[in-house]
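Secondary and tertiary structure notes
Chain by chain, the residues:
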Amino acid sequence: MDVICLGIFVADVLAKPITKIPDRGKLELFDEMELHTGGCANNTAIGLARLGISAGAMGKVGEDGFGDFVINNLRKNGVDTRGIRRTREANTSLTFVMIAPDGERSFLHYVGANGTIKPEDIDFDLIGESKILHIGGFFLMPGFDGEPTVEVLKKAKEMGVTISLDTAWDSRGNWMKLLEPCLPYVDIFLPSIEEAKMLSGREDPEEISRFFLDYGIEIVGLKMGEGGSYVRTRDEAVREPAYKVKVVDATGAGDAFVAGFLAGYTMGWDLHRCVRLANATGAACVTAIGTTAGIKDLDQVLSIIPGS
């Protein structure tokens with residue numbers, strides 16, 4: 001296996017248009033409803049598989065219909081699900097996405113099974129079969145973030161596996177308290193620019209990247225939305241603008257960027273080509289509703305790169 005994605009898996013229920021939240025005990029109607037899978041590890045694993053990379057999923061879902069849905073969708077997309085555990089402690093994580101008539105989104109989220117992931121749930125034999133272990137959704141796994149993650153990363157490094165890590169927004173405000181012990185084991189770090197600012201206390205992309213490189217990380221990639229991306233190693237830096245596409249739904253674009261970068265890295269591409277593929281995968285993602293529907297295959301994604 002090329003990449004195994006360990007992290008959060010979510011069922012996303014999208015409802016639109018939502019014009020008001022009903023008063024207590026009352027009912028409001030909406031016109032459209034869609035069910036998708038989401039979650040950082042889920043999105044990155046499917047993105048990788050769509051790009052032709054052998055990908056696996058590792059995490060936890062409930063013993064419920066949403067858990068069935070998440071697992072079946074991963075398998076349908078060619079993702080290895082041997083690392084998915086099922087639990088009776090909690091139901092599958094769910095996000096209810098309320099879409100206003102103007103497209104603005106509000107969310108109700110249930111942490112569920114993602115909050116029950118522990119080191120004893122991890123299949124190290126599967127990790128040992130993989131070239132890269134990617135952690136997707138750090139800060140959204142309260143039973144795993146911090147020292148439990150360190151335990152897993154340390155063992156994976158001892159097995160010779162490359163470590164990639166992507167963060168989410170830390171609504172609990174722990175930031176470096178949880179992440180810093182993990183950083184010495186990370187090879188590729190791919191946060192959003194806003195998360196990286198909170199973690200580093202710095203504003204400039206170059207200063208932010210150098211802050212993390214000083215922990216021994218080999219590659220730091222900052223996802224900057226409409227500002228494109230900034231990726232650097234100790235020896236080189238790449239700043240790539242966002243590619244122009246018709247934006248339908250930006251959900252999952254950051255996870256798609258990660259999938260594109262890790263796909264290029266797995267294929268042995270140089271840093272510039274990896275960044276272009278990452279930007280193009282993120283651009284493909286936003287062209288359709290849902291976290292992965294816009295990513296078709298490698299040829300489609302490559303066609304988005306200017307001059308391709």
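Check the entry above for the structure.
Below is a summary of the structure that appears in this document. (Residues numbered from 1 in each chain as written. Predicted model: local features only at pLDDT ≥ 70, side-chain atom pairs only at ≥ 80, totals over all residues. Heavy atoms only, no water.)

Quick look at the sheet that holds strand E2 (residues 10–16) now. Read from one edge of the open sheet, 4 strands run E3-E2-E6-E7, paired in mixed fashion. Bordering the open sheet on either side are strand E3 (32–38) and strand E7 (105–110), each of which pairs with just one other strand. For this sheet, the mean angle separating the axes of adjacent strands, direction not counted, is 20 degrees. Running over the sheet, helix H2 (residues 65–76) touches E2, E3 and strand E6 (94–99) and is turned about 65 degrees from E3. (Pairing = 2+ DSSP bridges. Helix = DSSP H or I, 4+ residues; strand = E, 2+ residues; numbered from the N terminus. Axes fitted to C-alpha atoms, helices over the stretch in contact; angles between N-to-C directions. Contact = heavy atoms within 4.5 Å.)

Before going further, it helps to spend a moment on helix H9 (residues 271–285). Compared with an ideal rise of 1.5 Å per residue, which puts 15 residues at 21 Å, H9 spans 21 Å between its outermost C-alpha atoms and is within 8% of the ideal. Buried residues dominate H9, accounting for 12 of its 15 residues. Of the surrounding elements, those touching the buried residues of H9 are strand E11 (219–223), strand E12 (229–232), strand E13 (237–240), helix H8 (253–266) and helix H10 (298–302). Two or three places before His272, at the opening of H9, Asp270 has a side-chain oxygen 3.2 Å from that residue's backbone nitrogen. (Expected span 1.5 Å × (residues − 1). Buried < 20%, exposed > 50% of the residue type's maximum accessible area, 1.4 Å probe, protein only. Polar contact = N/O pair within 3.5 Å; in protein donor to acceptor, adjacent residues only side chain to side chain.)

Tallied over the full model, the rule gives 6 aromatic pairs. An angle of 80 degrees between the planes, with centres 4.9 Å apart, marks the rings of Trp169 and Trp175 as edge-to-face. Geometrically, the ring pair formed by Phe211 and Phe212 is edge-to-face, given 5.0 Å between the ring centres and 85 degrees between the ring planes. The residues Phe211 and Phe212 share a single accessibility class, namely buried. Its guanidinium or amino end placed over the ring of Phe124, Lys155 lies 4.3 Å from that ring's centre, counting from NZ or CZ. (Phe/Tyr/Trp six-rings, centres within 6.5 Å; stacked < 30°, edge-to-face > 60°. Lys NZ or Arg CZ within 6 Å of the ring centre and 35° of its normal.)

What follows covers the side chain of Thr281. Here Thr281 lies in helix H9. With near-sequence residues (within four places) excluded, Thr281 lies in contact with Leu51, Ala256, Gly260, Ile295 and Val301.

A few words now on the packing of helix H6 (residues 193–200) against helix H7 (residues 205–213). Two packed helices can be described by the angle between their axes and the distance between those axes. Where H6 contacts H7, the two axes come as close as 10 Å, and the packing angle between them is 60 degrees. One finds that H6 runs oblique with respect to H7. Pair H6 / H7 crosses with left-handed handedness. Taking contact as the criterion, the partners of Ile193, Ala196, Lys197, Leu199 and Ser200 in H6 are, on H7, Pro205, Ile208, Phe211 and Phe212. Grouping the amino acids of the contact of H6 with H7 by side-chain chemistry returns 7 nonpolar, 1 polar and 1 charged. (Parallel < 35°, antiparallel > 145°, perpendicular 65-115°, else oblique. Left-handed = near helix turned anticlockwise from the far one by under 90°. Nonpolar A, V, L, I, M, F, W, Y, C, P; charged D, E, K, R; others polar.)

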